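Secondary and tertiary structure notes
Here's the letter readout for the chains.
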Amino acid sequence: MSRQFDIAVVGATGAVGRTFLDILEQRRFPVGRVHAVASARSAGSRVPFGASELVVESLEDFDFSRVQIGLFSPGAAVSAVHAPRAAAAGCVVVDNTSYFRMEPDIPLVVPEVNPQALAGYRNRGIIANPNCSTIQMVVALKPIYDAVGIERINVATYQAVSGSGQKAVDELRAQTEAHIAGRTLPEPQVYARPIAFNVIPHIDVFLENGYTKEEMKMVWETRKILGDENIQVNPTTVRVPVFHGHAEALHIETRTKISADEARELLRVAPGVTVIDERGPGGYPTPAVNAAGRDAVFVGRIREDISHPRGLDLWVVADNVRKGAALNGVQIAEMLVKHHL
């Protein structure tokens, strides 16, 4: 009988936590016992796991020496306290929050891109999951980066409201219903402007350089994941009235010229990538039709940039809660149990 691993899913009542549980079941992860862990106010409630339910346990009281792996998505401030506590108890933490991503001695891992970095978990017992928009971008760009190098990335994101949590999903739904019914829109609570039938070029807080923190995450994380401090990244992150699935328009400048056909063939065989690229109506991926509820990073609209001799343009779509968060974390855990634990 193969070895089994006891796992704590921390933040189990949230969207990413519930998706962690779904994916563990779907991918037949070698689990022994799974613990659903959340704040004290959620303790005693139940969350589904496969055909059964798990009783939620209080994070404040949880003994992490009972598990080998912790899949964390409770918010950065909570991870800051409890991830080191779990690691000190011998639990390897895969943390989906932003708190540890740029710590130099904590690996920031996308399994299709930099699996070799995972061994660094021994430094502090913690592995960081990157930002959702960074994950799908680097999965799509890695085969091109390896083949011809990339000097510069211009990226505009079109990010679903689920990236802001359930309250944002509810806000979009309520505003949409009011708009269609001709009623006055409810006052925005999550976003600075109404999100229904609108786009908002503002995700996270503004920094002194005029970029938002979400945009700078893409700069910092891409360099760390690719191990390339010279790569230039120029992002604009935009919230759009879509429930699930982020999209990105990528314009890259490569070190060596690559044709659209060559890039397309590299992407067709790249791990984690599905190419949908026909030059006609519907011959491209979209969040609602292709990405939502699926594991792959979808790439289309692959074409040579008419404004730059070494330019290439791509359209990249993925489910921000699955590949952008929970799936990437479970894939990291799969690598851990296969090669390290």
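Up top is the structure these notes are about.
Description of the structure in this document. Just so it is clear, the model here is predicted, and its values are computed rather than measured.

Analysis parameters
Residues numbered from 1 in each chain as written. Predicted model: local features only at pLDDT ≥ 70, side-chain atom pairs only at ≥ 80, totals over all residues. Heavy atoms only, no water. Buried < 20%, exposed > 50% of the residue type's maximum accessible area, 1.4 Å probe, protein only. Helix = DSSP H or I, 4+ residues; strand = E, 2+ residues; numbered from the N terminus. Arc of directions from axis to C-beta. Contact = heavy atoms within 4.5 Å. Pairing = 2+ DSSP bridges. Axes fitted to C-alpha atoms, helices over the stretch in contact; angles between N-to-C directions. Right-handed = clockwise from strand over helix to strand, strands pointing away. Core = buried A, V, L, I, M, F, W, Y, C linked by side-chain atoms within 4.5 Å. Parallel < 35°, antiparallel > 145°, perpendicular 65-115°, else oblique. Left-handed = near helix turned anticlockwise from the far one by under 90°. Nonpolar A, V, L, I, M, F, W, Y, C, P; charged D, E, K, R; others polar. Salt bridge = Lys/Arg side-chain N within 4 Å of Asp/Glu carboxyl O.

**Details of helix α6 (residues 260-268)**
Those residues of α6 lying buried are Ala-260, Ala-263, Arg-264 and Leu-267. Looking straight down α6, one finds that the buried residues subtend no more than 100° of arc, so they occupy a single side. Where the residues of α6 are buried, they touch α3 (132-148), β12 (273-275), β13 (297-304) and β14 (311-318).

**Structural notes on the sheet that holds strand β10 (residues 232-239)**
Sheets are built from strands paired through backbone hydrogen bonds, the pairs being either parallel or antiparallel. Pairing in this open sheet of six strands is mixed, and the strands run β10-β9-β11-β14-β13-β12 from one edge to the other. Every other strand in the sheet has two partners, leaving β10 and β12 as the edge strands with one partner each. Recorded for the sheet is a direction-independent mean angle of 20° between the axes of neighbouring strands. Pairing of strand β9 (residues 150-159) with β10 involves eight bridges; the strand directions are parallel. Each residue of the ladder has a partner; that of Gln-159, found in β10, is Arg-239. Those strands touched by helix α5 (residues 213-226) are β9, β10 and β11 (246-254), and its axis lies near 140° from that of β10.

**Topic: the pairing of strand β1 (residues 5-10)**
Counting buried positions over the six residues of β1 gives five, a clear majority of the element. As judged from the five bridges shared by β1 and strand β2 (residues 31-38), these two strands associate in the parallel manner. By the bridge assignment, Val-10 is partnered in β2 with Val-37. With respect to chirality, the unit in which β1 leads through helix α1 (residues 15-26) into the neighbouring parallel β2 is right-handed. Strand direction decides the pairing type here: β1 and strand β6 (residues 69-72), joined by four bridges, are parallel. Within the sheet, the bridge partner assigned to Val-10 lies in β6 and is Phe-72.

**Some points on the nonpolar core**
Residues Phe-64, Ile-144, Ile-153, Val-299 and Leu-314 are the most contacted members of the largest nonpolar core, which totals 55 residues. No other element matches α3, which puts nine residues into this core. In contact with Ile-153, not counting residues within four places along its chain, are Met-137, Leu-141, Thr-222, Ile-231, Gln-232, Val-233, Asn-234, Leu-250, His-251 and Ile-252. Ranked by size, the runner-up nonpolar core spans 36 residues in total, among them Ala-12, Leu-24, Val-31 and Leu-71.

**Topic: the packing of α3 against α6**
When two helices pack together, their arrangement is captured by the angle between the axes and the distance separating the axes. Look at α3 against α6: their axes get within 9 Å of each other, and the N-to-C directions meet at 120°. Taken together, the axes of α3 and α6 lie oblique to each other. For α3 against α6, the interelement crossing comes out right-handed. Touching Ala-140, Pro-143, Ile-144 and Ala-147 of α3 are Ala-263, Leu-266 and Leu-267, all from α6. When its residues are assigned to classes, the contact of α3 with α6 shows seven nonpolar, no polar and no charged.

**Focus: the pattern of salt bridges**
A full pass over the atoms with the stated rule returns 19 salt bridges. Residue Arg-66 is joined to Glu-57 by a salt bridge in which the shortest nitrogen-to-oxygen separation is 3.5 Å. With a shortest N-O distance of 3.0 Å, Glu-304 and Lys-257 are connected by a salt bridge. Taken together, the residues span a long stretch of sequence, with Glu-304 in strand β13 and Lys-257 in the loop between β11 and α6 at a distance of 47 residues. Here Lys-257 falls in the partly exposed class, since its relative accessible area comes to 39%. Shared partners join several salt bridges into a network, and the residues in it are Glu-103, Asp-105 and Arg-124.

**Section: the packing of α3 against α5**
Across the interface, α3 lies against α5 with an axial gap of 10 Å and an inter-helix angle of 40°. As summarised for this structure, α3 and α5 are arranged oblique, according to the angle between their axes. The two elements α3 and α5 meet at a crossing, and its hand is right-handed. Contacts between α3 and α5 involve Ser-133, Thr-134, Met-137, Val-138, Lys-142 and Tyr-145 on the former and, on the latter, Glu-214, Lys-217, Met-218, Glu-221, Thr-222, Ile-225 and Leu-226.

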